[in-house]
Amino acid sequence: LPPSGGAHVSLEPFANGSRGDIAPEDAVFMMNRLKQGTRKTLPGAEQKRLEGLMAALGAVVEAGMDELSSKYVALALNSLPPGRFEVEAYRPLVDAAVARCKSIRDPDWFSPRSLSMILNACAKARVRDDALLHHAATMLTRLDTVRE
């Protein structure tokens, strides 16, 4: 089952460009399953269909970014396989994730793992955001202080 405990969802509407009615967490889950299931480039039409599906699911995640925990923000960013999909197609999703991370002031929202996954995904997507790096360093410092 998807993480929200909902029923299984058909991916067909997403393949046709629909955003459907699913939770952002479920869209992240589906994006990660698709990434895991497609380790190599598919033949022409299938690759285009997969890219459209990932873009539609990415739009669901982007729209619900403010609802996601740091774990799901990290998983969403890491579901974008570098080198196989056009990174610019996902720039709105990446930008929304970066904005979400920079808006969080509570260090407990982040785990060390999620923060490192977020920064790693941003590096793979060639995101250079000094404000994000500064904020991440601040959060890491507070994590050490809070957890000691």
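Everything numeric in this text was worked out from a predicted model, so none of it was measured.

Q: Would you explain helix α4 (residues 70–78) in this entry?
A: Note: α-helices contain 3.6 residues per turn, so residues at a spacing of three or four share the same orientation. Across the nine residues of α4, seven count as buried, placing the element largely inside the fold. Taken together, the buried positions of α4 are occupied by Ser-70, Tyr-72, Val-73, Ala-74, Ala-76, Leu-77 and Asn-78.

Q: Quick question: what am I supposed to make of the nonpolar core here?
A: Nonpolar side chains in soluble globular proteins tend to be buried together. Counting residues in each nonpolar core, the largest one holds 37 residues, and the members touching the most others are Leu-57, Val-61, Met-65, Val-73, Leu-77, Phe-110 and Ile-118. At the level of elements, α2 (24–37), α3 (44–63), α4, α5 (91–103), α6 (112–124) and α7 (130–147) are the ones that each hand at least two residues to this core. When sequence neighbours within four positions are dropped, the list of residues in contact with Val-61 reads Pro-24, Ala-27, Val-28, Met-31, Leu-68, Ala-76 and Leu-93.

Q: What should I look at first to understand the pattern of salt bridges in this one?
A: Close approach of charged atoms allows side chains with opposite charge to pair. For the structure shown, the criterion picks out two salt bridges. The partner of Asp-129 in a salt bridge is Lys-102, with the nearest N and O atoms 3.0 Å apart. Residue Asp-129 is found in the loop between α6 and α7, and its partner Lys-102 is found in helix α5; the two are separated by 27 residues along the sequence. For Lys-102, a relative accessible area of 27% puts it in the partly exposed group. In this structure, Arg-128 and Asp-130 form a salt bridge, with 3.3 Å as the shortest nitrogen-oxygen distance.

Thresholds applied
Numbers given for residues are sequential positions, taken from 1 along each chain in its written order. Reporting in this predicted model follows two pLDDT cut-offs: at least 70 for local features of residues, and 80 or more for side-chain atom pairs to be given and counted; totals over whole chains, interfaces and linings ignore these cut-offs and use all residues. With hydrogens and water stripped out, all remaining heavy atoms of the structure feed into the side-chain values. Three exposure classes are used, based on accessible area relative to the maximum for each residue type with a 1.4 Å probe and protein chains only: buried under 20%, partly exposed in between, and exposed over 50%. Each helix corresponds to a stretch of at least 4 residues labelled H or I by DSSP, and each strand to a stretch of at least 2 residues labelled E; elements are numbered beginning at the N terminus. To form a nonpolar core, buried Ala, Val, Leu, Ile, Met, Phe, Trp, Tyr and Cys residues must be joined to one another through side-chain atoms within 4.5 Å. Contacts were defined at the residue level, with two residues in contact if any of their heavy atoms lie within 4.5 Å. We count a salt bridge whenever a side-chain nitrogen from Lys or Arg sits within 4 Å of a carboxyl oxygen from Asp or Glu.

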